Amino acid sequence: KHTLLSVQGLKVDFKLREKIFTAVDGISFDLDRGQRLGLVGESGAGKSVTGFGIINLISKPGFVSGGAVLFEGRDLTKLGPEEIRQIRGNRISMIFQDPMMTLNPVLTVGTQMIETLLAHKNISKKEAEAIALEKLRKVAIPSPEKRLSQYPHEFSGGMRQRIVIAIALLTSPSLIIADEPTTALDVTIQADIMELLLELCESENMALILITHDLAVVSQVAERVAVMYAGNIVELASTKDIGVRPQHPYTKGLLAALPQNVSRRERLNQIPGSMPSITSKSVGCAFHKRCSYAEDICKTTVPPLELKASGASVACHLVK
Ligand code: SF4
Ligand code: MG
């Protein structure tokens, strides 16, 4: 087994008005080289915070308050700002929902790509330009030579996200963290971009953490799924298992709420209620107020994430 990333008890807190709130509550998972993991859940579950926590990019008033993030032999939580900057955008690339989080509107695409390369690699401008062109070809941008001298606004939304992916590829990272990379795009373009990401991960042997609220998107791309709820992973299993035999009541609800399933059984399958916010202290299982299986123990005791008979890791008292 070639572990690329080992997240061990990662905890992220926010300090608001002298009070500490926990957004990510000590989560753990491993990712092998070239493996693709989907991080799924409702907004506010802690998915994005986990992504930022891994690369030590939590902005104030948030901070990583515990745990370790082992990546290529180093604990990212222990690195100084300069060391972590050398890993970010080099060994680990980020892709965001909004391409303009990555792209600078006043610089040409070529300038941005070349500057990114020169910041991380000891190469000439000519060599950098050649790599930029190669990556634009990889993401299927038509006439890349011409496109290098254009500005971000001269591209469509889908093409802009392709450029962001090309930028993410520049330094041949071993890990890409993509946070809702297609949520802002038309449905037809979404599928194309996901297909592209999948192909590139395979051909470049890159691992992927795909953060999304959409279980359908995850099943297209990821080999494993971690379902997050209120700052915790509640189920971690292969994508196939999640699809055919989800174990945690919340995962079951997510699956049943997918459009293709809702059309059959109508609204019965929407999960009632809403996720507790990080400012509300919950006791016991964070899902118990919405869970139709809840028993007394659920109201008092937090279920640990444990390996169950099915082979999935599940945080639920009732799953054996
Ligand atoms: Fe439901 Fe209890 Fe399982 Fe939580 S621990 S998901 S409340 S059955
Ligand atoms: Mg988010």
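Note that the structure is a prediction, hence the values are computed from the model and not measured.

### Points about the UniProt feature "domain: ABC transporter" (unreviewed entry) in the protein chain
- The UniProt record marks residues 7-255 with the feature "domain: ABC transporter" (unreviewed entry), using the residue numbering of this structure.
- End C-alpha to end C-alpha, residues 7-255 measures 26 Å, and it is 39% helix and 28% strand.

### Things to note about the sheet that holds strand β7 (residues 175-179)
- The strand order across the open sheet built from 8 strands is β6-β7-β8-β3-β9-β10-β12-β11, with neighbouring strands paired in mixed fashion. Edge positions in the sheet fall to β6 (92-95) and β11 (306-307), since each has one partner strand and no second.
- Pairing analysis gives 5 bridges linking β7 to strand β8 (residues 207-212), with the strands arranged parallel. Bridge pairing in β8 places Leu175 opposite Ala207.

### Side note on the sheet that holds strand β5 (residues 74-75)
- Taken together, the 4 strands give an open sheet; going across it, the order is β2-β1-β4-β5, and neighbouring strands pair in antiparallel fashion. Strands at the two margins of the open sheet, each flanked by one partner only, are β2 (19-32) and β5.

### As for helix α4 (residues 125-138)
- Over its 14 residues, α4 extends 20 Å from the first C-alpha to the last, a length consistent with the 20 Å expected when each residue adds 1.5 Å.
- Within α4 the residues assigned to the buried category are Ala132, Lys135 and Leu136. The buried residues of α4 occupy one face: seen down the axis, they fall within an arc of 100°. Every exposed residue of α4 that faces more than 90 degrees away from the buried side is listed here: Lys126 and Arg137.
- Of the surrounding elements, those touching the buried residues of α4 are α3 (109-120), α5 (144-147) and α6 (157-169).

Each value, and the rule that gives it
- Residues numbered from 1 in each chain as written.
- Chains lettered and ligands numbered in written order.
- Predicted model: local features only at pLDDT ≥ 70, side-chain atom pairs only at ≥ 80, totals over all residues.
- UniProt positions renumbered as here; feature names shortened; annotations may be inferred.
- Helix = DSSP H or I, 4+ residues; strand = E, 2+ residues; numbered from the N terminus.
- Pairing = 2+ DSSP bridges.
- Expected span 1.5 Å × (residues − 1).
- Buried ≥ 20, exposed ≤ 12 C-beta atoms within 10 Å, placed from the backbone.
- Arc of directions from axis to C-beta.
- Contact = placed C-beta atoms within 7 Å.

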